[in-house]
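# Structure assessment
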Amino acid sequence: MRIIGGKFRSRVLAEFKGDAVRPTSDRAKESLFNILALKIRGARALDLFCGSGSLGLECLSRDAQEVVFNDLSKDSLAILKKNLSALKIPVGQAKIFNYDYSVCLDAVKGEFDLIFLDPPYHLDVGVLALEKIVKKGLLSNDGVAIYERDRAFEGKIDGLEKYDERKYGKAYLTFFRKEN
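This one's a predicted model, so the numbers in the text were calculated from it and none came from an experiment.

This structure, assessed with the given rule, holds 14 salt bridges. Residue Asp63 is joined to Lys7 by a salt bridge in which the shortest nitrogen-to-oxygen separation is 3.1 Å. In this pair, Asp63 is assigned in the loop between α3 (54-61) and β2 (66-70) and Lys7 in the segment before α1 (26-35), connecting sequence segments 56 residues apart. Across the pair Glu179 and Lys156 runs a salt bridge, and its minimum N-O distance is 2.4 Å. One end of the pair, Glu179, is in the segment after β7 (171-178); the other, Lys156, is in the loop between β5 (139-149) and β6 (160-168), and 23 residues separate them in sequence. On the basis of relative accessible area, Glu179 is assigned to the partly exposed category, the value being 38%. Each of Asp124, Arg149, Asp150 and Arg151 takes part in salt bridges that share partners, so that together they form one network.

Here is the structure:
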């Protein structure tokens, strides 16, 4: 696992051993950040199910103003902290929470320009998280929420418009913005 672009480009990140965690593939991450390229500089991002933090770290590499990282797993956050330290990320640019996703969404303040949702596939809590994001008004007017899962998104989230979906290997990335 590595940083794809920006000031930390090609830096290798610490990652989990084994199959217990499923990080976003480099191919999917590269495509995702090509799509989001014009939205990252100066952005405030939330990496809600951050794992080792690769999506949020990619944002910081590309000059996001701030990334809020959250994961329920202390092991995940230990890897994230190792990566933040290795990249020498200033303390004010990265906030770390060790909460259930719902508690995190209640705890965070303000709006986010980018929200990444990559929950463990077996939990299937992404829709609930998106509904809470809408209810709490956490997505900025021009913001994008990206939901990664193992199948195409079907259905509707009140207050959000699904405007794009891409498949990379087994992963589907679904893009949402506020409804007009």
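The nonpolar side chains of soluble globular proteins are, as a tendency, buried together. Counting residues in each nonpolar core, the largest one holds 32 residues, and the members touching the most others are Leu32, Leu36, Cys59, Phe69, Leu114 and Phe116. Residue assignment for this core shows that the elements contributing at least two residues are α1, α3, β2, α4 (74-87), β4 (112-117), β5 and β7. With residues near it in sequence (within four places) discarded, Leu114 still touches Leu36, Lys39, Ile40, Ala43, Arg44, Ala45, Leu46, Cys59 and Val144. By size, the runner-up hydrophobic cluster in this structure holds 23 residues, among which are Cys104, Ile115, Tyr147 and Leu160.

With that out of the way, let us pick up the sheet that holds β6. Taken in spatial order, the 7 strands of this open sheet run β3-β2-β1-β4-β5-β7-β6, and their pairing is mixed. Here the strands that pair on one side only, and so sit at the sheet edges, are β3 (94-97) and β6. Looking at each pair of strands side by side, their axes are set apart by 15° on average, direction ignored. As judged from the 5 bridges shared by β4 and β5, these two strands associate in the parallel manner. Following the sheet pairing, Ile115 is matched in β5 by Ala145. Along the sheet, helix α6 (residues 126-136) contacts β4, β5, β6 and β7; its crossing angle with β5, the most-contacted strand, is approximately 175°.

All right, on to unusual backbone geometry then. Positioned with a positive phi, Asp63 is a non-glycine residue whose angle comes to about 75°. A residue is classified by how much of its surface remains accessible, and Asp63, at 30% relative accessible area, is partly exposed. We note that Lys88 has phi near 55°; this positive angle belongs to a residue other than glycine. Mapped onto the elements, Lys88 comes out in the loop between α4 and β3.

The topology assignment puts Gln65 in the loop between α3 and β2. As a C-alpha pair, Gln65 and Tyr172 span 107 residues in sequence and 27 Å in three-dimensional space. Discounting residues that sit within four places of it in the chain, Gln65 has contacts with Gly42, Ala43 and Gln93.

Bringing the packing of aromatic side chains into the picture now. Applying the stated rule across the entire model yields 6 aromatic pairs. Ring centres 5.3 Å apart and planes at 20° place the aromatic pair Phe97 and Tyr99 in the stacked group. Look at Tyr147 and Phe153: their rings are 6.4 Å apart centre to centre, the planes differ by 70°, and that puts the pair in the edge-to-face class. With a relative accessible area of 1%, Tyr147 lands in the buried category. Taken together, the ring pairs connect Tyr147, Phe153 and Phe176 into an aromatic cluster.

Summed over all chains, the structure comprises 1 cavity of 30 Å³ or more. Put simply, the largest cavity is a space of about 40 Å³. Lining the largest cavity, in full, are Pro119, Pro120, Tyr121, Asp124, Val125, Tyr147, Glu148, Arg149, Asp150 and Arg151.

Parameters and conventions
The residue numbers shown here count from 1 along each chain, following its written sequence. A pLDDT threshold of at least 70 governs which residues receive local features in this predicted model, and a stricter bar of 80 or more applies before side-chain atom pairs are shown or counted, although totals over entire chains, interfaces and linings include all residues. In computing side-chain values, all of the structure's heavy atoms are included and hydrogens and water are not. Whenever Lys or Arg places a side-chain nitrogen within 4 Å of a carboxyl oxygen from Asp or Glu, that contact is recorded as a salt bridge. A run of DSSP states H or I qualifies as a helix once it reaches four residues; a run of E qualifies as a strand once it reaches two. Both are numbered from the N-terminal end. Remark: exposure states derive from per-residue accessible area (1.4 Å probe, protein chains only) relative to the maximum for the residue type, with buried under 20%, exposed over 50%, and partly exposed in between. What we call a nonpolar core is a set of buried Ala, Val, Leu, Ile, Met, Phe, Trp, Tyr and Cys residues that are connected through their side-chain atoms within 4.5 Å. Two residues form a contact once any of their heavy atoms are found within 4.5 Å. The criterion for strand pairing is that DSSP finds at least two bridges linking the strands in question. In this analysis an axis means a line fitted to C-alpha atoms, helices contributing only their contacting stretch, and an angle means the value between N-to-C directions, from 0 to 180 degrees. Note on aromatic pairs: the rings of Phe, Tyr and Trp (six-membered ring only in Trp) are paired at centre separations within 6.5 Å, and the planes decide the class, stacked below 30 degrees, edge-to-face beyond 60, tilted for the rest. The distinction between a cavity and a pocket rests on a 1 Å grid over the protein atoms alone: a 1.4 Å probe fits inside a cavity but cannot get out, while a pocket stays open yet meets protein on both sides within 12 Å along at least five of seven lines, and a residue with an atom within 4 Å of a point counts as lining. Grid points are joined across faces, edges and corners, and a volume is the space filled by probe spheres set on the points.

Purely spatial values, then, with no claim about function.
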